[in-house]
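Here is how the chains run, residue by residue.
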Amino acid sequence: MADVFEGILGQPQVREFLRSTIEHNRVSHAYLFTGPAGSNKTAAAYAFAQAIICAKKGCGTCDECRRVKRRNHPDVCYYAPAGAHGYLVEQVREIVADASMAPIRAKHKVYILDRVDQLGVQAANAFLKTLEEPEGPITFILLGRTREGVLPTLVSRCQVVPFRHIPASEAAGILSQNTGVSGERARIAIEACDGSLTKAIAFASSSERMSFRSRIMEVLRLLPQSDERDVLEYAQDLLERAKAPLDEVRTAQAEELADSQEFLAASALKQLEARNKRALSAATVQSLGQMTSIIRSWLRDVLMVVSGAPERVVNVDEIDSIRLVAQNATPALLMEALRQTQKADEAIRYNVSPETCIDVLLFTIRKAIYGSGCSY
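Treat the numbers as computed from the prediction; the structure is a model and nothing was measured. (Residues numbered from 1 in each chain as written. Predicted model: local features only at pLDDT ≥ 70, side-chain atom pairs only at ≥ 80, totals over all residues. Heavy atoms only, no water.)

Undergrad: Looking at this structure, I do not really get the environment of Ala-126. What am I missing?
TA: Within the fold, Ala-126 resides in the loop between α5 (121-125) and α6 (128-132). Note on Ala-126: relative accessible area 28%, which makes it partly exposed. Through-space distance from the C-alpha of Ala-126 to that of Glu-90 is 9.2 Å; in sequence the pair is 36 residues apart. Apart from residues lying up to four places away in sequence, Ala-126 is in contact with Val-92 and Val-96. (Helix = DSSP H or I, 4+ residues; strand = E, 2+ residues; numbered from the N terminus. Buried < 20%, exposed > 50% of the residue type's maximum accessible area, 1.4 Å probe, protein only. Contact = heavy atoms within 4.5 Å.)

Undergrad: Help me understand the packing of aromatic side chains in this model?
TA: The geometry of two aromatic rings is summed up by the distance between their centres and the angle between their planes. Applying the stated criterion across every chain yields a total of four aromatic pairs. A ring pair is formed by Phe-33 and Phe-163, whose centres lie 5.2 Å apart and whose planes are at 40°; its orientation type is tilted. One end of the pair, Phe-33, is in strand β1 (residues 30-34); the other, Phe-163, is in the loop between β5 (159-162) and α8 (168-179), and 130 residues separate them in sequence. We classify Phe-33 as buried; its relative accessible area is 0%. Residues Tyr-111 and Phe-140 carry aromatic rings whose centres are separated by 5.3 Å and whose planes lie at 25° to one another, so their mutual orientation is stacked. Remark: Phe-140 occurs in strand β4 (residues 138-144) and Tyr-111 occurs in strand β3 (residues 109-113); sequence separation between them is 29 residues. (Phe/Tyr/Trp six-rings, centres within 6.5 Å; stacked < 30°, edge-to-face > 60°.)

Undergrad: What should I look at first to understand the environment of Gln-122 in this one?
TA: Turning to its location among the elements, Gln-122 is positioned in helix α5. Taking the C-alpha atoms as reference points, Gln-122 and Val-89, 33 residues apart in sequence, are found 6.8 Å from one another.

Undergrad: Would you take a moment to explain the pairing of strand β2 (residues 76-79) for this structure?
TA: Sheet analysis places β2 next to β3, joined by four bridges and oriented parallel. Across the sheet, Tyr-78 pairs through a bridge with Ile-112, a residue of β3. (Pairing = 2+ DSSP bridges.)

Undergrad: Please explain the sheet that holds β5 as it appears in this structure.
TA: The sheet built from five strands is open, its strands ordered β2-β3-β4-β1-β5 with parallel pairing. With partners counted over all chains shown, the strands left at the sheet margins are β2 and β5, one partner each. Direction aside, neighbouring strands of the sheet carry axes that sit 20° apart on average. Relative to β5, β1 is paired through four bridges, and the arrangement is parallel. (Axes fitted to C-alpha atoms, helices over the stretch in contact; angles between N-to-C directions.)

Undergrad: Which parts of the structure should I look at to understand the packing of helix α9 (residues 183-192) against helix α10 (residues 197-204)?
TA: Helix-helix packing is characterised by the crossing angle of the two axes and by the distance between the axes. At a closest axis distance of 8 Å, the pairing of α9 and α10 adopts a crossing angle of 125°. With respect to each other, α9 and α10 are oriented oblique. Two packed elements cross with a definite hand, and for α9 against α10 that hand is right-handed. Counted together, Arg-185, Ala-189, Ile-190 and Ala-192 of α9 and Leu-197, Ala-200, Phe-203 and Ala-204 of α10 form the full contact between these two elements. Counted by class, the contact of α9 with α10 contains seven nonpolar, no polar and one charged residues. (Parallel < 35°, antiparallel > 145°, perpendicular 65-115°, else oblique. Left-handed = near helix turned anticlockwise from the far one by under 90°. Nonpolar A, V, L, I, M, F, W, Y, C, P; charged D, E, K, R; others polar.)

Undergrad: Can you help me understand the pattern of salt bridges in this one?
TA: Scanning the entire structure with this criterion turns up 18 salt bridges. A salt bridge links Arg-215 to Glu-218; its shortest N-O distance comes to 2.8 Å. Linking Arg-215 with Glu-218, this pair stays in helix α11 (residues 207-222), spanning three residues, or about one helical turn. Residue Glu-218 is classed as partly exposed on the basis of its relative accessible area, which comes to 32%. For Arg-241, the salt bridge identified is with Asp-237, shortest N-O distance 3.0 Å. With a gap of four residues between them, Arg-241 and Asp-237 both fall in helix α12 (residues 228-243), about one helical turn apart. Of the residues examined, Arg-241 reaches a relative accessible area of 34% and is grouped as partly exposed. (Salt bridge = Lys/Arg side-chain N within 4 Å of Asp/Glu carboxyl O.)

Undergrad: Help me understand the side chain of His-108 in this model?
TA: Positionally, His-108 belongs in the loop between α4 (89-99) and β3. Separated by 3.0 Å, the side chains of His-108 and Thr-139 make a polar contact. Excluding anything up to four places from it in sequence, His-108 contacts Ile-52, Ile-53, Asp-75, Pro-103, Pro-137, Ile-138 and Thr-139. (Polar contact = N/O pair within 3.5 Å; in protein donor to acceptor, adjacent residues only side chain to side chain.)

Undergrad: Honestly, the packing of α12 against helix α17 (residues 354-370) in this entry has me stumped. Any pointers?
TA: Where α12 meets α17, the closest approach of the two axes is 9 Å, and the angle between their N-to-C directions is 130°. On the basis of the axis angle, α12 is oblique to α17. When you trace α12 past α17, the crossing you get is right-handed. Counting all contacts with α12, which are made through Glu-228, Val-231, Leu-232, Tyr-234, Ala-235, Gln-236, Leu-239 and Lys-243, the residues of α17 involved are Pro-354, Glu-355, Ile-358, Asp-359, Leu-362, Phe-363 and Arg-366. Residue classes in the contact of α12 with α17 are distributed as nine nonpolar, one polar and five charged.

Given below as structure tokens:
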């Protein structure tokens, strides 16, 4: 029964609740998944969507399940805030309009709305009627950090499913057990993926992603001996490497569109293209987010050494260079560099030019840690 739920790692109670919901045909029209970043809410939402869409209640092997897992099923729609301060009213109206249309392939539609704590009053008001009384067989899965952070008018219309925090050490153990990678590599992947187990499994299993991480570490080591031109070239190289996995996403999308040309109407194809565009944008943000997470983990490691806690270093394969940097760094400068890394991450999520963000970030790190022109 429902093999798809086995992928909800670290959340046994959630896994059993969703499995029971499917087994007893008790799927509601709206859920609110709450929990901290890295608690596997998104993975659980897609697993639940597979079980809802699949005629066999989540077999994991049929074409419908595979499409949902690849995140390109036309009847499973993912949304995230498009505005600098959250969801736009126009964005919500698009969701409402789309929800009024019949499914393209399946008998049911699923909408996954991420970071609904950024769904403001005006945008929420445009959504409430559809959320409470959707037209046709539709399930909304809303994702948020905390129940309190989401508007009460939204909470009251949903069945709340709480997710627990998974400590990094436990997450690394689960990852290592499920993939066979070393504990060291598991911890590195968890940090690179901001605590997300599902993303970390893919990261740890990818030689390309691990090579990407190695290049980031190399750039951080080279910054002391680098001039302005070097830094700009490093930033460009990292951006190109970050976007490399997007080619696979584009290929999968092109294949899906080709498969759908014969049986989908022009309006449905247009919807599919729009969803593919959103999926590509989300994949871009995810890959760039891994870059800033890797940089942040390295900065935290330097801070641990400066603070006299080298046993807490995650990137142990970089310990020599981390110790070297720690000789000249101060907690205050490291905290500033961490703040700037967080700002860069947020700016990228809100569609600020990644080129500008990474350029500024590398220059900031060089100045904050190495001084304006030092050389070891």
